[in-house]
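Structure at a glance
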There are 2 protein chains.
Amino acid sequence: MKSEIIVYTISDSLGGTSRKLLSAVSVQYPDLDFNNSYRFPFVNKEDELLGILKDALNDKAIVISTLVNAELAETARNFSQRTGLQYLDLLNPFFDLIRARTGKKPIEEPGIVHRLDKEYFNKIAAIEFAVKYDDGKNPHGFLESDVVLLGVSRTSKTPLSMYLANKGYKVSNLPLIPEVPLPQLLAQVDKKKIIGLTCHPDNLSRIRTSRLDSLGLNHASKYTDLEKIYGELEYAKQVFAQYDAYVIDVTDKSIEETSYLVEDYLKNLE
Amino acid sequence: MKSEIIVYTISDSLGGTSRKLLSAVSVQYPDLDFNNSYRFPFVNKEDELLGILKDALNDKAIVISTLVNAELAETARNFSQRTGLQYLDLLNPFFDLIRARTGKKPIEEPGIVHRLDKEYFNKIAAIEFAVKYDDGKNPHGFLESDVVLLGVSRTSKTPLSMYLANKGYKVSNLPLIPEVPLPQLLAQVDKKKIIGLTCHPDNLSRIRTSRLDSLGLNHASKYTDLEKIYGELEYAKQVFAQYDAYVIDVTDKSIEETSYLVEDYLKNLE
């Protein structure tokens with residue numbers, strides 16, 4: 001059985017930063033179990049905070065805090081020093097560096113929750129855009145897109161589109177199918193915005209096979225046939241050349257990694 | 001003009017945790033400009049790291065690191081102590097707490113990039129599911145969903161679906177339109193999985209107006225008419241009652257906040 005580590009994340013907002021750190025840390029300990037960790041968002045009263053810290057002590061938990069309120073953060077720090085609670089403050093060391101340099105203090109307003117600003121609404125609009133123009137549903141979206149993703153089936157166009165949309169990019173995507181002519185509108189798209197996704201044929205076959213499994217279909221299909229896949233990828237290569245597409249090989253890459261490569265490419269265009 | 005703070009984020013993986021922290025910190029300083037910050041992912045050689053740290057020193061940058069490699073992290077720490085570089089290590093203090101408690105060391109494998117595990121593929125499948133069953137496109141998705149979102153137009157069904165999908169939930173959503181009968185399949189859905197989204201009529205009118213603006217349409221429309229909106233919301237209320245839906249008021253809530261409330265509700269069902 002795995003040893004258990006209990007982590008409490010405490011925030012006066014949602015605590016997304018702590019959760020992200022916890023996730024990054026937990027993968028470094030495959031033989032420790034972090035599953036009984038607890039999330040405490042919207043903590044904004046001292047007595048509530050002290051109650052959570054006492055529970056943490058009883059649970060022998062590690063506490064990660066992203067409290068922006070200086071008084072609450074100090075309460076937690078004092079409590080931990082007094083009781084020996086394992087306590088990690090993510091924000092204040094950063095605040096201290098900025099104060100040392102500029103003399104400036106944080107505004108201490110809980111973060112994400114009320115940040116319904118222009119950037120936020122752009123992101124929401126980008127997500128709706130990506131859903132609307134997924135899978136070549138409407139080629140008119142190509143002209144308004146920041147990036148148009150092309151690729152054969154199962155090269156991660158949809159999840160990549162959603163991931164980039166979540167960063168505010170307007171993304172459309174088009175599946176490449178040798179039997180289906182390309183929409184004429186594609187020729188009007190700025191070629192720099194066109195990105196081709198490719199993948200090693202063996203991986204593609206494996207991914208398609210497990211896709212059919214999950215759909216409860218059998219494998220005796222052209223869809224997973226290697227020769228057919230070679231043909232599709234060859235066709236994709238021609239399309240990429242024709243449109244001068246920037247090509248990314250997604251083999252063994254996570255969506256996050258591919259998304260980073262797309263962003264990096266787009267930033268270097270500017 | 002805003003004072004400028006330059007932040008370098010260094011990681012042997014993608015550096016998503018540092019970026020998230022940087023974003024949480026930067027909103028606390030509305031009059032500081034963090035825009036000239038740099039992201040250095042996939043750093044895995046000492047000379048490369050030292051080059052970046054020297055640049056950081058020249059740029060008077062603050063450096064945030066999520067290096068999992070102990071040698072690289074030590075190199076950075078030593079360099080900073082020697083030169084006075086402002087340096088913040090996010091992972092090692094956490095590693096130290098775990099070592100103090102369990103004696104265990106991290107496996108030091110760069111994180112996210114190669115974590116193409118079951119959880120990851122579930123998330124990808126959930127994103128594809130949410131796109132496929134967005135906007136009531138196919139009511140058959142309701143039966144396979146972890147959660148079915150109902151709401152009138154502009155109650156953030158689509159972005160919320162994508163956000164929850166990114167956390168691995170299978171989500172479908174259905175727009176409530178008084179003139180359109182509900183799909184019969186909805187009656188077969190486990191009522192506990194049905195969540196109704198509502199919003200204050202004034203906010204809804206404002207959101208719809210800016211929506212029409214962004215589409216270049218004028219406002220003399222039933223769509224933004226308050227009386228019409230009251231009628232729609234009244235109808236939604238009846239549907240929520242009929243299906244025993246758990247109702248969330250999204251007025252002034254960010255998608256992240258609503259998503260947290262949905263997750264919290266689903267977890268308490270278990």
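Residues numbered from 1 in each chain as written. Chains lettered and ligands numbered in written order. Predicted model: local features only at pLDDT ≥ 70, side-chain atom pairs only at ≥ 80, totals over all residues. Heavy atoms only, no water.

Taking an unreviewed UniProt entry as the reference, chain A is identified by name as Putative pyruvate, phosphate dikinase regulatory protein belonging to Enterococcus eurekensis. Quoted verbatim from the Function (unreviewed entry) heading of the UniProt record, the comment on chain A is "Bifunctional serine/threonine kinase and phosphorylase involved in the regulation of the pyruvate, phosphate dikinase (PPDK) by catalyzing its phosphorylation/dephosphorylation." (UniProt positions renumbered as here; feature names shortened; annotations may be inferred.)

What follows is about the relation of the copies chain B and chain A. Superposing the two chain copies requires a rotation about an axis and a translation along that axis. Expressed as a screw transformation, the operator carrying chain B onto chain A has a rotation angle of 180° and an axial translation of 0.0 Å, and the superposed copies differ by an RMSD of 0.1 Å. In short, the pair behaves as if placed about a two-fold rotation axis. Among all C-alpha atoms of chain B, that of Val131 of chain B lies closest to the rotation axis, at 3.0 Å. Interface overlap between copies is the fraction of interface residues in one copy that are interface residues in the other; for chain B against chain A it reaches 100%, indicating a shared surface. (Least-squares fit on C-alpha atoms with pLDDT ≥ 70 in both. Contact = heavy atoms within 4.5 Å.)

With 74 residues of chain B at the interface, the matching set in chain A holds 74 residues. Between chain B and chain A, a total of about 6600 Å² is buried, with carbon and sulfur atoms accounting for 67% of that surface. When the buried surface of chain B facing chain A is broken down by residue, Gln28, Phe94 and Arg101 of chain B rank first, second and third, together holding 11% of it. The tally of links between chain B and chain A comes to 6 salt bridges. (Buried area = accessible area lost by both parts, 1.4 Å probe. Salt bridge = Lys/Arg side-chain N within 4 Å of Asp/Glu carboxyl O.)

So, about the side chain of Ser145 of chain B. Residues and elements named next belong to chain B. Here Ser145 lies in the loop between helix 6 (141–144) and strand 7 (147–151). In terms of polar contacts, Ser145 uses its side chain to reach the side chain of Ser172, at 2.8 Å. In this structure Ser145 touches Phe129, Lys170, Val171, Ser172 and Lys193, once residues within four positions along its chain are discounted. (Helix = DSSP H or I, 4+ residues; strand = E, 2+ residues; numbered from the N terminus. Polar contact = N/O pair within 3.5 Å; in protein donor to acceptor, adjacent residues only side chain to side chain.)

Below, the discussion takes up the sheet that holds strand 7 (residues 147–151) of chain A. Residue and element names in this part refer to chain A. Strand order in this open sheet of 4 strands is 8-7-9-10, and the pairing throughout is parallel. Each of the sheet's edge strands pairs with one partner strand only, and the pair in question is strand 8 (171–175) and strand 10 (246–249). Direction aside, the axes of adjacent strands within the sheet are offset by 25° on average. With 5 bridges joining them, strand 7 and strand 8 adopt parallel strand pairing. When the sheet's bridge partners are listed, Leu150 is paired in strand 8 with Leu174. Packed onto the sheet, helix 9 (residues 226–242) meets strand 7, strand 9 (194–198) and strand 10 and runs at close to 160° relative to strand 9. (Pairing = 2+ DSSP bridges. Axes fitted to C-alpha atoms, helices over the stretch in contact; angles between N-to-C directions.)

What the rule picks out here adds up to 16 aromatic pairs over all chains. A centroid spacing of 6.4 Å and a plane angle of 50° characterise the contact between Tyr29 of chain A and Phe34 of chain A, whose relative ring orientation is tilted. The residues Tyr29 of chain A and Phe34 of chain A share a single accessibility class, namely buried. With a centroid separation of 5.9 Å and 75° between ring planes, the pair formed by Phe95 of chain A and Tyr29 of chain B is classed as edge-to-face. Taken together, the positions of Phe95 of chain A in helix 4 (residues 92–102) and Tyr29 of chain B in the loop between helix 1 (16–26) and strand 3 (32–33) put the pair across two chains. Since its relative accessible area comes to 1%, Tyr29 of chain B is described here as buried. Within the aromatic cluster, the residues linked to one another by ring pairs are Tyr8, Tyr38 and Phe40 of chain A. (Phe/Tyr/Trp six-rings, centres within 6.5 Å; stacked < 30°, edge-to-face > 60°. Buried < 20%, exposed > 50% of the residue type's maximum accessible area, 1.4 Å probe, protein only.)

Looking now at the packing of helix 7 (residues 157–165) of chain A against helix 5 (residues 118–132) of chain B. It is at 9 Å that the axes of helix 7 of chain A and helix 5 of chain B come closest, and there the two elements cross at 85°. With respect to helix 5 of chain B, the element helix 7 of chain A is oriented roughly perpendicular. Residues Thr158, Pro159 and Met162 of chain A of helix 7 of chain A form the contact with helix 5 of chain B, whose participating residues are Ile124, Ile127, Glu128 and Val131 of chain B. Of the residues assigned to the contact of helix 7 of chain A with helix 5 of chain B, the class counts are 5 nonpolar, 1 polar and 1 charged. (Parallel < 35°, antiparallel > 145°, perpendicular 65-115°, else oblique. Nonpolar A, V, L, I, M, F, W, Y, C, P; charged D, E, K, R; others polar.)

Turning our eyes to something else, we now look at the environment of Thr102 of chain A. Topologically, Thr102 of chain A is positioned in helix 4. Take Thr102 of chain A: its relative accessible area is 29%, and that puts it in the partly exposed class. Excluding its chain neighbours within four sequence positions, the residues that come into contact with Thr102 of chain A are Ile5 and Leu32 of chain B. Polar contacts involving the side chain of Thr102 of chain A include one to the main-chain amide nitrogen of Lys104 of chain A, which spans 3.0 Å.

Time to look at helix 4 (residues 92–102) of chain B. Within the span of helix 4 of chain B, buried status applies to Asn92, Phe94, Phe95, Leu97 and Ile98 of chain B. Where helix 4 of chain B terminates, the next one or two residues include Gly103 of chain B, which has phi positive at roughly 75°.

Attention now moves to the pairing of strand 5 (residues 62–65) of chain A. Residue and element names in this part refer to chain A. Residues Ile62 and Ile64 of strand 5 are buried on one face, and the alternating residues Val63 and Ser65, pointing to the opposite face, are buried as well. As judged from the 4 bridges shared by strand 5 and strand 6 (residues 86–89), these two strands associate in the parallel manner. Among the inter-strand pairings, Ile62 is bridged to a residue of strand 6, identified as Gln86. On the question of chirality, the crossover connecting strand 5 to the parallel strand 6 by way of helix 3 (residues 70–83) is right-handed. (Right-handed = clockwise from strand over helix to strand, strands pointing away.)

Residues and elements named next belong to chain A. The UniProt record annotates "binding site: ADP" (unreviewed entry) at Gly151, Val152, Ser153, Arg154, Thr155, Ser156, Lys157 and Thr158. Not counting residues within four places of it along the chain, the set of residues in contact with Gly151 comprises Lys157, Leu174, Pro175, Leu176 and Leu197. You can see Thr155 is positioned in the loop between strand 7 and helix 7. Residue Thr155 is classed as buried on the basis of its relative accessible area of 1%. Here Val152 takes part through its backbone oxygen, which lies 2.7 Å from a polar atom of the side chain of Thr155.

Every α-helix winds through 3.6 residues per turn, so residues three or four apart in the chain are directed the same way. The complete set of buried residues in helix 1 of chain B reads Thr17, Ser18, Leu21, Leu22 and Val25 of chain B. Buried residues along helix 1 of chain B cover an arc of 135° about the axis, so they all sit on one side. Where helix 1 of chain B is buried, its residues meet helix 1 (16–26) and helix 4 of chain A together with strand 2 (7–10) and strand 5 (62–65) of chain B. (Arc of directions from axis to C-beta.)

All names here are of chain A. Its place among the elements puts Thr83 in helix 3. Here Thr83 falls in the partly exposed class, since its relative accessible area comes to 30%. Residues Thr83 and Leu53, 30 residues apart in the sequence, show an inter-C-alpha distance of 9.9 Å. A polar contact is formed between the side chain of Thr83 and the backbone oxygen of Phe79, at a distance of 2.7 Å.

Let us look at the pattern of salt bridges. Residue and element names in this part refer to chain A. In this structure the tally under the stated criterion is 19 salt bridges over all chains. Notably, a salt bridge pairs Lys167 with Glu263, separated by 3.5 Å at the nearest N-O pair. Taken together, the positions of Lys167 in the loop between helix 7 and strand 8 and Glu263 in helix 10 (residues 255–269) put the pair 96 residues apart, joining distant regions of the chain. Among the residues examined, Lys167 registers a relative accessible area of 38% and is labelled partly exposed. Between Lys192 and Asp190 there is a salt bridge; the shortest N-O distance is 3.7 Å. Taking relative accessible area as the criterion, Lys192 reaches 43% and is therefore assigned partly exposed. A cluster of three or more residues bridged by salt bridges with shared partners is formed by Lys167, Glu263 and Lys267.

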